[in-house]
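Structural overview for review
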Amino acid sequence: MSDLALLVEDLWVEYPARRGVVKAVRGVTFEVHRGETLALIGESGSGKTTLGLALVRLLPKAARIKRGRIMYYRNGTSQDILALNAEELRRFRWQECAMVFQGAQNALNPVLRIEAQFLDTARAHGLSDANAVRERAVELLKMVQLDPQRVLHSFPHELSGGMRQRVLIALGLLLQPQVIILDEPTTALDILTQRSIIEVLRRLRAQLDFSLIFISHDLSLAAELADRVATVYAGAIVEIGSVYDIFERPRHPYTLALTRSVPTVTGDMHPLASIPGSPPDLIAPPLGCAFHPRCPLATDQCKREEPPLERVGKEQMAACWHWREVNP
Amino acid sequence: MAVQTAPIAVSLPEEVRPNLWQRLTRNYVFRRVIKALATIFVVVTVTFFLIRLMPSNPVEIFIQEQISLYGMSYQEARDQASALFAIDLDAPLGQQYLEYLGNLLQGDLGQSYRSKGTQVVDIIRQFLPWTLFSVGTSLLISFVLGIGLGMLMAYRRETPIDYALSTFASLVSSVPNYLIAIILLVVLGPQLKIINIASMRGSISPGVQPGFTLHFFLDVLYHAAMPIFVYVLTTIGGWMLAMKSSTIATLEEDYVTVARARGLKDGRIMTSYVGRNASLPLFTQLAISIGFVFGGSVLIEGIFVYQGIGQQLIKAINQRDYPVMQGIFLIITVSVIVANLVADLLYSRLDPRIRLGQGETK
């Protein structure tokens, strides 16, 4: 257990809405090891982003963490994230755990040059040696394949979307955090730019030592980058396992359906199948298993009882009453 | 079927270096200055004819004054007037206009009809600084305070502080400034006797020598206090409400959330991330409001008997002193246009997304 970086236990997050309470995260438990890449995949509206925001406690004011525990480990010490006070939380953010958001287009202050934004991030965490910070910034910008001198002296609007995303990734690495959360890092970018971002991430994974949690609806991205994959459905993890198990031997009908809904480049030709129905209503999720209205294997038991996440393989867990019938 | 393919002549555009004229016309500042000059010309023309459309004329007003003040007969007053006024009001308007324009081009604003031998330029030189001082100071105070309070309201949204300040802001910005001025004058003066309105009249106390002395400075502030207070009170509400809504919108921006995720200190986020971006649209409004405050100064200076350009304008209007009116309107126009120009150029410095004078053709 000594290589644990992050441990999330039974996390529940809710938002009050006009129609009722949105249960965006429902009893999520997972762990992230040092140097590991975990992908959280699922459809839009499944609560992935809320989960990511909860990890750095950046949820909107209205949201409430109803239950759960988030433990962070580094150098033999542990911190209970939900118990941090404002100043401890401020220090924790970015220095220990950096979150790079979806939609990098507007993530940088439009009136400050990139250099100023690197410097103020460092200064906020007690690094006052501007030259050292600048050197580190140059190094990181080179790693993400940007021209450091040009970028540092630019304003955000002078950079393209892909460049801004890379700047943010470099900025995320500035303080050498142990955990980086990437929320939809390639969404809203064209296919070639997506490709180069993936390459950049791969190279960074090889060169630097950090754990990566990335949130995406893009399965091919998960297949390429992740060590482990967790499938999120209706605010809960329905299956988690190594990237190999998840893609080759999924045990949850939803994971199976997801893998069937994207074309493969190498593997066998199977007919593409979209998942019937629409994502569940998080205000009033279906009784029993949340996936049962869309599931081909659903039985009466699925409509009544919610299946627990149970061990289905050596390092694989799934929440399905009929997991034995999926990929038998 | 044979298709005829004729070679299509493609003429590549030659790389032409823009000549001086093209560079000038593309230059933002140059274009703005030309526009400003055109505006001034139009305003000068319109005021020239408009004030001559006002009922009565300077001679008639003078005659009426003589009759009611000294009990002269109409004929006596008329003789007096023709001795005093060496002007021909019956000359064709077009001729008068061209004469006026010609003088204006030479920097000659003419002489006052009523105060013989007094140059309009001298009147402006004497009274304009007081108005510029009181209006400028109050605009600065109101802008800075308004931005601060507006941000406070946005940060403390839906709290008693926000409700109280919002009510205050809507209230003061909906009451006309002359009404507030009269109410303050009556309540603080004769009613509560908190201020001595008689000694606050004018722009300096008699006998005080202008110079870089504390005494002079305090005396100037003492006399300008009421006008400044009223200007601030009537303009601050607008700034507060504008800043509040702008701040609320900015707080929703991704870069503010990301700044929090970056662990920046709240103070830094508030100033460089929220405040700086939220105040940008207000700088455009600042330029526009300069014109309004100048207009408002006419009534306020009259009420507080503050010796500024606004009071001179009222006097000139009552006497139909055409050259003085023209001169003051001209100077107000120029001030507003210059302020607009400065604000625009300043804006491009504040917001890097706006690039000016870079030879961009749009």
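Residues numbered from 1 in each chain as written. Chains lettered and ligands numbered in written order. Predicted model: local features only at pLDDT ≥ 70, side-chain atom pairs only at ≥ 80, totals over all residues. Heavy atoms only, no water.

Thoughts on the overall build of chain B
Counted only if it meets this: We count a stretch as a helix when DSSP gives it H or I for four or more residues in a row; a strand needs E for two or more, and each element gets its number in order from the N terminus. For the radius of gyration, the atom set is restricted to C-alpha positions; the globular benchmark scales as 2.2 Å times the number of residues to the power 0.38. Partly exposed residues are those whose accessible area sits between 20% and 50% of the maximum for their type, while under 20% is buried and over 50% is exposed, using a 1.4 Å probe and protein chains only. Contact between two residues is taken to exist if any of their heavy atoms lie within 4.5 Å; hydrogens are not considered.
When helices and strands are counted, chain B shows 14 helices and zero strands. Its helices and strands in sequence order give chain B the pattern α-α-α-α-α-α-α-α-α-α-α-α-α-α, from N to C terminus. Relative to the compact-globule value of 21 Å for 362 residues, chain B shows a C-alpha radius of gyration of 28 Å, a clear excess of over 25%. Overall size of chain B, expressed as C-alpha extent along the three principal axes, is 100 × 70 × 45 Å. Looking at chain B as a whole, 43% of its 362 residues are labelled buried. Look at the contacts in chain B between residues 6 or more apart in sequence, and 72% of them connect residues 24 or more apart.

Comments concerning the side chain of His292(A)
Among the structural elements, His292(A) can be located in the loop between α10 (253-260) and α11 (300-304). Look at His292(A) and you get buried, because its relative accessible area is 15%.

Here we look at the environment of Tyr254(A)
Residue and element names in this part refer to chain A. Residue placement: Tyr254 occurs in helix α10. When its relative accessible area of 0% is taken as the criterion, Tyr254 is described as buried. Through-space distance from the C-alpha of Tyr254 to that of Asn327 is 12 Å; in sequence the pair is 73 residues apart.

Some details on the confidence of the model for chain B
Here is the rule we go by: A residue's pLDDT is simply how confident the predictor is in it, with values from 0 to 100.
This prediction gives chain B a mean pLDDT of 83; 91% of its residues lie at or above 70. With pLDDT under 50 throughout, residues 356-362 of chain B is counted as low confidence; its partners more than four residues away or in other chains account for ten contacts.

A look at the sheet that holds strand β4 (residues 64-74) of chain A
Residues and elements named next belong to chain A. Cut-off, in case you're wondering: Whether two strands pair depends on DSSP finding at least two bridges between them. All axes are obtained by fitting lines to C-alpha atoms, using only the stretch in contact for helices, and the reported angles, taken between N-to-C directions, cover 0 to 180 degrees.
The four strands are arranged β2-β1-β4-β5 in an open sheet whose pairing can be described as antiparallel. In the strand order of this sheet, the two ends are held by β2 (21-33) and β5 (77-80), each with one partner. Each neighbouring strand pair of the sheet contributes to a mean axis angle of 10 degrees, computed without reference to strand direction. Two strands pair when backbone bridges link them, and strand β1 (residues 4-16) and β2 are joined in this way by ten bridges, in the antiparallel orientation.

As for the sheet that holds strand β8 (residues 211-216) of chain A
Residues and elements named next belong to chain A. One open sheet accounts for eight strands, arranged β6-β7-β8-β3-β9-β10-β12-β11; its pairing is mixed. Across the chains shown, the open sheet's two edge strands, defined by having one partner strand only, are β6 (97-100) and β11 (310-311). Alignment of strand β3 (residues 37-41) against β8, held across five bridges, turns out to be parallel. Note on β8: the bridge partner recorded for Ala39 is Phe214.

So, the packing of aromatic side chains
To be explicit about the condition: Put simply, two rings from Phe, Tyr or Trp (the six-membered ring, in Trp's case) pair if the centres are within 6.5 Å, and we call them stacked under 30 degrees between planes, edge-to-face over 60, tilted for the rest. By the criterion adopted, a ring carries a charge over it if an Arg CZ or a Lys NZ lies within 6 Å of its centre and within 35 degrees of its normal.
In this structure the tally under the stated criterion is eleven aromatic pairs over all chains. Taking the centre distance of 4.5 Å and the plane angle of 55 degrees together, the rings of Tyr233(A) and Tyr254(A) count as tilted. Here Tyr233(A), found in strand β9 (residues 228-233), pairs with Tyr254(A), found in helix α10; they are 21 residues apart in sequence, far enough to count as distant. Measuring from ring centre to ring centre gives 4.9 Å for Phe143(B) and Trp239(B), while their planes differ by 85 degrees; the resulting arrangement is edge-to-face. In this pair, Phe143(B) sits in helix α6 (residues 120-155) while Trp239(B) sits in helix α10 (residues 214-251), placing the two residues 96 residues apart along the sequence. Owing to a relative accessible area of 8%, Phe143(B) belongs among the buried residues under this scheme. Judged by its relative accessible area of 4%, Trp239(B) is buried. Aromatic ring contacts, followed pair by pair, group Phe48(B), Phe49(B), Tyr97(B) and Tyr100(B) into a single cluster. We note Arg205(A) situated over the ring of Phe210(A); from NZ or CZ to the ring centre the distance is 5.1 Å. Between Arg52(B) and the ring centre of Phe48(B), over which it is positioned, the NZ or CZ distance is 3.8 Å.

What to know about the pattern of salt bridges
Residues and elements named next belong to chain A. The following threshold applies: Put simply, a salt bridge is a Lys or Arg side-chain nitrogen that is within 4 Å of an Asp or Glu carboxyl oxygen.
Summed over the entire model, instances satisfying the criterion amount to 22 salt bridges over all chains. Residue Glu306 pairs with Arg26 through a salt bridge whose shortest N-O separation is 3.6 Å. Separated by 280 residues along the polypeptide, Glu306 in the loop between α11 and β11 and Arg26 in strand β2 bring together distant segments of the chain. Judged by relative accessible area, Glu306 falls into the partly exposed class, the value being 48%.

Considering the interface of chain B and chain A
A common way to report how large an interface is uses the accessible area buried once the components associate. Heads up, the condition is: Buried area, as used here, totals the accessible surface that two parts lose on assembly, with accessibility defined by a 1.4 Å probe and the loss added over both.
Each side of the interface is counted separately: chain B has 21 residues, and chain A has 25 residues. When chain B packs against chain A, close to 2,100 Å² is buried across both sides, 59% of that on carbon and sulfur atoms. Considering only the surface of chain B that becomes buried against chain A, Ala261(B), Arg262(B) and Pro352(B) emerge as the three largest contributors, covering 28% of it. At the boundary of chain B with chain A, the tally comes to two salt bridges. One salt bridge in this structure joins Arg268(B) and Asp120(A), with 2.9 Å as the shortest N-O distance.

What to know about the packing of helix α2 (residues 28-53) of chain B against helix α5 (residues 93-105) of chain B
What describes two packed helices is the angle between their axes and the distance between those same axes. Residues and elements named next belong to chain B. So the rule is basically this: Under this scheme an angle from 65 to 115 degrees is roughly perpendicular, one under 35 degrees roughly parallel, and one over 145 degrees roughly antiparallel; angles in between are oblique. The crossing is said to be left-handed when, going from far helix to near helix, the turn is anticlockwise and less than a right angle, and right-handed when the turn is clockwise. When residues are grouped by polarity, Ala, Val, Leu, Ile, Met, Phe, Trp, Tyr, Cys and Pro land in nonpolar, Asp, Glu, Lys and Arg in charged, and all others, Gly among them, in polar.
One way to put it is that α2 packs onto α5 with a least axis distance of 11 Å and a crossing angle of 140 degrees. Relative to α5, the element α2 is oriented oblique. Crossing of α2 over α5 shows right-handed handedness. Here α2 contributes Phe41, Val44, Thr45, Phe48, Phe49 and Arg52 to the contact with α5, which in turn contributes Leu93, Gln96, Tyr97, Tyr100, Leu101 and Leu104. Within the contact of α2 with α5, the residues separate by chemical class into nine nonpolar, two polar and one charged.

With respect to the domain arrangement of chain B
All names here are of chain B. What counts here: Domain start and stop points were drawn from an automatic or database domain assignment. A 3.5 Å cut-off defines polar contacts: any pair of N or O atoms within that distance qualifies, except that in protein one atom must be a possible hydrogen donor and the other a possible acceptor, and neighbouring residues in sequence count only when both atoms are side-chain atoms.
Domain assignment breaks chain B into domain 1 (39-105) and domain 2 (129-350). Between domain 1 and domain 2, the C-alpha centre-to-centre distance is 36 Å. Across the contact, 18 residues belong to domain 1 and twelve residues belong to domain 2. Together, the buried faces of domain 1 and domain 2 total about 1,400 Å²; carbon and sulfur atoms form 73% of this surface. When the area that domain 1 buries against domain 2 is broken down by residue, the three leading residues are Ile40, Ile51 and Met54, summing to 34%. Where domain 1 packs against domain 2, one counts two residue pairs in polar contact (both at pLDDT 80 or more). Put simply, the parts of the chain that give the side of domain 1 that touches domain 2 at least two residues each are α2, α3 (58-70) and α5.

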